[in-house]
Amino acid sequence: MIFLFYTAAIVALIATIAVIISTNVVHALVYLIISLLSVAVIFFALGAPFAAMLEAIVYAGAIMVLFLFVMMMLNLGQTTQDEEKEWMQPRLWIGPVTLVALLLVQMTNVLLTQDVDLRPIEVGVLEISVLLFGPWLLAVELASMLLLAGLVAAYHLAKK
Amino acid sequence: MTSAMLFMLLPLILVTATAVVTMLMVAIKRRHGVSCIVTVLGLSLALVSLYFVLPSSTQELTPLMKIDGFSVFFSAVILLSAIMIACFSYPYFVNLEDHQDEFYILLSVAVLGALVMVSNSHFITTFLGMETLSVCLYGMVAYPLHRSAAAQYPMEASIKYLVLSALSSGFVLFGIALLYAQTGTLQFTDLGQALTYGIGPVPPVYFVLCCLMIVTGFAFKLSLVPFHLWTPDVYEGAPLPATAFLATVGKIAMAALLMRFISDSALLVNEAIVFVLALIAGASMLFGNLLALLQSNLKRLLSYSSIAHMGYLVIALMTVDRSADSLGVEAVSFYLLAYALMSLGAFGVMMLVSDSEQERDHIGHYQGLFWRNPWLALVMTAMLFSLAGIPLTIGFLGKFYIFAAGVQGAQWALLFTMVVGSGVGLFYYLRIVYGMLTPLDEDLLLPVAGLKELLPHCLLFLLLALLLLLGIVPGVLMQWLAQMASAL
């Protein structure tokens, strides 16, 4: 499991960096799908198979493929690619990289000083369902109203 | 979930039913009037039902909802504001070259989000309520974007609000996740110990950072300086009913939530958090009032004034603690009610002289209003006096309450800033009143909605009456609030 976790984590990191630095939008999106799939594997390794499935189906499956279709339909072509290349100047990276490096140092520090025991507890579909339809019922209902509001607003703004 | 618990949720169920029924009516036949009436009736029923659910002590409905006297009080203020805005929306939207019905559906669902925000002490419900309110507001702010003469910028305003609101939600969510990682609970629990000594090896600064992230997100939505940059543009670009909704319901729900978070989590034991809150309050009072000085657009002016008013409110929020004689909770409640009444009045007058085709939001539009329509000018003057905090109005008492709470908390520097800010504020409020008194040679085109729309005028009368009544004899309300504060 530990081996699986580290493999997936490295794949996720590489894929995410590739998302940022690739100039072709379609390539970037394919890398993003890989990154999400490896996050799903991480969920699985941590003992949450249901969350892993949802991540794979909803994010990598539905949303990303939708994005991909839109990008392919827009057919952005060579001009955007050149534009993107122009935006990728090394000096723009200095600020973000410094900040991220600080965060990395801080996180390594925290992880090294703390004695963390990662023993996965399996959380299956049954446990989640019992929670969702028991004490968390109101949250589910509320989320449905949230989606309804989004639907109505999107319908109104996007028509014609 | 027992039937008694369901009964306690009756206001929320009624508001949800209102949205669903409006949507079903639209599916059968679109009628602007019917949608408006259904919405107003549904929300009024919910308002009436609050009287029956008012509990004598705090009621926990599953871990997610918590209903007590204050949640009922804030729910009542929110529902009252929403009903009035729905009534004012009808004359405003009647000439819109587009469907109007969706606005009322969004309004009902937004009210649901606001009601959830004021009646919980759990991070999940907090977040869901906040998002429900925000998602509806994106739609409401951009509502008139299909009309032919898009002179204003509803889409720009909506995108700005969307991006910044999503960012602030991200901050809140990150703070919640970090807190959950250490405390293992999503309830607003007492963090006093953790903020002072930490938990195990985790130092207190970790918890301070988490809480500050959550407070930052809330400050974004309350448009406190330095998180205020979206406010003037969104207020200006949005149609007036959406602006009024954002300014009243949005702010009340958020402030009530922040109050509960501060009091339940005992944030004020930490000096750093108190210091940050004090900085935010001081900056909001100063910048809000100073930036409002030079505005010639009434919506932008009111947006800057709202920044200043939320700054005053933070002074009272900083005195919300659990000691029995603290005035903080009462001051916040009273001030929010006062703020709702006077904002609704000011925006109500603007809505009556505007419609969706042309918004009359420039100060010049109101020049000489006293000589053309004394009634509207009188209401506007009373609202502006109240916003400025002149005695005999509820705005004065609200400020007085905050001042008393600040004295109790010994926040002398902030109180001094408040006095200076109010002095500056007096100038720009009175400038509008002066403009309304200046007679005009030629009659500027300002087709004021006539008396044929009787209901909005009655509502303005009601607001004016409440403004003066609660400003002169506030005793009953104050006693009630004190009683609830002691039961908290």
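Fair warning: this is a prediction, and the values are worked out from it, not measured in the lab.

Basis of the calculations
Residues numbered from 1 in each chain as written. Chains lettered and ligands numbered in written order. Predicted model: local features only at pLDDT ≥ 70, side-chain atom pairs only at ≥ 80, totals over all residues. Heavy atoms only, no water. Helix = DSSP H or I, 4+ residues; strand = E, 2+ residues; numbered from the N terminus. Rg over C-alpha atoms; globule rule 2.2 N^0.38 Å. Buried < 20%, exposed > 50% of the residue type's maximum accessible area, 1.4 Å probe, protein only. Contact = heavy atoms within 4.5 Å. Areas by Shrake-Rupley, 256 points an atom, 1.4 Å probe, with all protein chains shown as cover. Lys, Arg positive; Asp, Glu negative; His and termini not counted. Charge placed at Lys NZ, Arg CZ, Asp CG, Glu CD. Buried area = accessible area lost by both parts, 1.4 Å probe. Salt bridge = Lys/Arg side-chain N within 4 Å of Asp/Glu carboxyl O. Expected span 1.5 Å × (residues − 1). pLDDT = per-residue confidence, 0-100. Patch = residues over 30% accessible without salt bridge, like charges linked within 9 Å, V, L, I, M, F, W, Y side chains within 5 Å. Disulfide = S-S within 2.5 Å. Phe/Tyr/Trp six-rings, centres within 6.5 Å; stacked < 30°, edge-to-face > 60°. Axes fitted to C-alpha atoms, helices over the stretch in contact; angles between N-to-C directions. Parallel < 35°, antiparallel > 145°, perpendicular 65-115°, else oblique. Left-handed = near helix turned anticlockwise from the far one by under 90°. Nonpolar A, V, L, I, M, F, W, Y, C, P; charged D, E, K, R; others polar.

## Describing the overall build of chain B
Line of reasoning, step 1. In terms of regular secondary structure, chain B is built from 20 helices and two strands.
Line of reasoning, step 2. Rg of the C-alpha trace for chain B: 22 Å, near the compact-globule value of 23 Å for 488 residues, within the 12% margin.
Line of reasoning, step 3. With 488 residues in all, chain B has 62% of them scored as buried.
Line of reasoning, step 4. Sequence-distant contacts, at least 24 apart, represent 80% of the contacts inside chain B between residues at least 6 apart.
Line of reasoning, step 5. About 17,500 Å² of surface is accessible on chain B, with carbon and sulfur atoms providing 72% of the total.
Line of reasoning, step 6. Here chain B carries 17 positive and 24 negative side-chain charges, and the mean point of each set is 3 Å from the other.

## Some words on the interface of chain B and chain A
Interface extent is often summarised as the accessible area lost during association of the parts.
Line of reasoning, step 1. Contact residues are listed per partner, giving 35 residues for chain B and 19 residues for chain A.
Line of reasoning, step 2. Summing both sides of the interface, chain B and chain A together bury roughly 2,300 Å²; the carbon and sulfur share of this comes to 81%.
Line of reasoning, step 3. On the chain B side of the interface with chain A, the three residues burying the most area are Leu64(B), Leu128(B) and His146(B), jointly 22% of the side's total.
Line of reasoning, step 4. On the surface where chain B and chain A come into contact, there are one salt bridge.

## Description of helix H1 (residues 2–21) of chain A
Line of reasoning, step 1. The first and last C-alpha atoms of H1(A) sit 29 Å apart over 20 residues, in line with the 28 Å expected at 1.5 Å per residue.
Line of reasoning, step 2. Packed against the buried residues of H1(A) are helix H2 (25–45) of chain A.

## Side note on the pattern of salt bridges
Line of reasoning, step 1. All told, the structure shown has 10 salt bridges over all chains when counted by the stated rule.
Line of reasoning, step 2. We note a salt bridge from Lys159(A) to Asp98(B), for which the minimum N-O separation is 3.2 Å. Highlighted residues: Lys159(A) in the segment after helix H7 (137–158) and Asp98(B) in the loop between helix H4 (69–93) and helix H5 (101–118), drawn from two different chains.
Line of reasoning, step 3. Given the relative accessible area of 12%, Asp98(B) is considered buried.
Line of reasoning, step 4. Its salt-bridge partner being Lys299(B), residue Glu359(B) comes within 2.4 Å of it at the nearest N-O pair. Within this pair, whereas Glu359(B) is found in the loop between helix H14 (328–353) and helix H15 (369–372), its partner Lys299(B) is found in helix H13 (residues 298–317), the two being separated by 60 residues in sequence. The pair formed by Glu359(B) and Lys299(B) is uniform in burial state, with each residue classed as buried.

## A few points about the confidence of the model for chain A
Line of reasoning, step 1. Summary statistics for chain A give a mean pLDDT of 84 and a share of 95% for residues scoring 70 or more.
Line of reasoning, step 2. Ranking the elements of chain A by mean pLDDT puts helix H4 (residues 77–87) of chain A last with 77 and H7(A) first with 92.

## Digging into a nonpolar patch on the surface
Residues and elements named next belong to chain A.
Line of reasoning, step 1. A cluster of nonpolar side chains, Met53, Leu54, Ile57, Val58, Tyr59, Ile63, Phe67 and Val125, forms an exposed patch at the surface whose accessible area comes to about 690 Å².
Line of reasoning, step 2. For the nonpolar patch, the leading source of residues is helix H3 (residues 49–74), giving seven residues.
Line of reasoning, step 3. By secondary structure assignment, the location of Tyr59 is in helix H3.
Line of reasoning, step 4. Judged by relative accessible area, Tyr59 falls into the partly exposed class, the value being 42%.

## Re the state of the cysteines
By definition, a disulfide links the sulfur atoms of two cysteines through a covalent bond.
Residues and elements named next belong to chain B.
Line of reasoning, step 1. Summed over the entire model, instances satisfying the criterion amount to zero disulfides over all chains.
Line of reasoning, step 2. Its sulfur unpaired, Cys87 is 6.0 Å from the next cysteine sulfur, which belongs to Cys36.
Line of reasoning, step 3. When its relative accessible area of 9% is taken as the criterion, Cys87 is described as buried.
Line of reasoning, step 4. Looking at Cys136, it has no disulfide partner, and the nearest cysteine sulfur is the one in Cys36, 17 Å off.

## So, the packing of aromatic side chains
All names here are of chain B.
Line of reasoning, step 1. Using the criterion set out here, one finds 22 aromatic pairs over all chains in the structure.
Line of reasoning, step 2. Pairing Tyr51 with Phe52 gives two aromatic rings, centres 5.4 Å apart and planes at 85 degrees, and the pair type is edge-to-face. In this pair, the class of Tyr51 matches that of Phe52, namely exposed.
Line of reasoning, step 3. Aromatic pair Phe123 and Phe261: ring centres 5.9 Å apart, planes at 65 degrees, arrangement edge-to-face. Taken together, the residues Phe123 in helix H6 (residues 123–141) and Phe261 in helix H11 (residues 240–265) connect sequence positions 138 residues apart. By the burial criterion, Phe123 is buried, and Phe261 matches it.
Line of reasoning, step 4. Linked through ring pairs, Tyr92, Phe93, Phe103, Tyr104 and Tyr143 together constitute an aromatic cluster.

## Things to note about the side chain of Arg260(B)
Residues and elements named next belong to chain B.
Line of reasoning, step 1. Secondary-structure assignment places Arg260 in helix H11.
Line of reasoning, step 2. A residue is classified by how much of its surface remains accessible, and Arg260, at 9% relative accessible area, is buried.
Line of reasoning, step 3. Apart from the residues within four sequence positions on either side, Arg260 is in contact with Lys66, Asp68, Ser71, Val118, Asn120, Ser121, Phe188 and Ser265.

## Some words on the packing of helix H12 (residues 271–292) of chain B against helix H18 (residues 412–437) of chain B
The axes of two packed helices give the description: the angle between them and the distance between them.
Residue and element names in this part refer to chain B.
Line of reasoning, step 1. Between H12 and H18, the least distance of the axes is 8 Å, while the angle of their chain directions is 15 degrees. Considered as vectors, H12 and H18 are oriented roughly parallel to each other. Considering only the axes of H12 and H18, their crossing is left-handed. Listed contacts from H18 to Ala278, Ala281, Gly282, Met285, Leu286, Asn289, Leu290 and Ala292 of H12 are Leu414, Thr417, Met418, Gly421, Ser422, Val424, Gly425 and Tyr428.
Line of reasoning, step 2. Counted by class, the contact of H12 with H18 contains 10 nonpolar, six polar and no charged residues.

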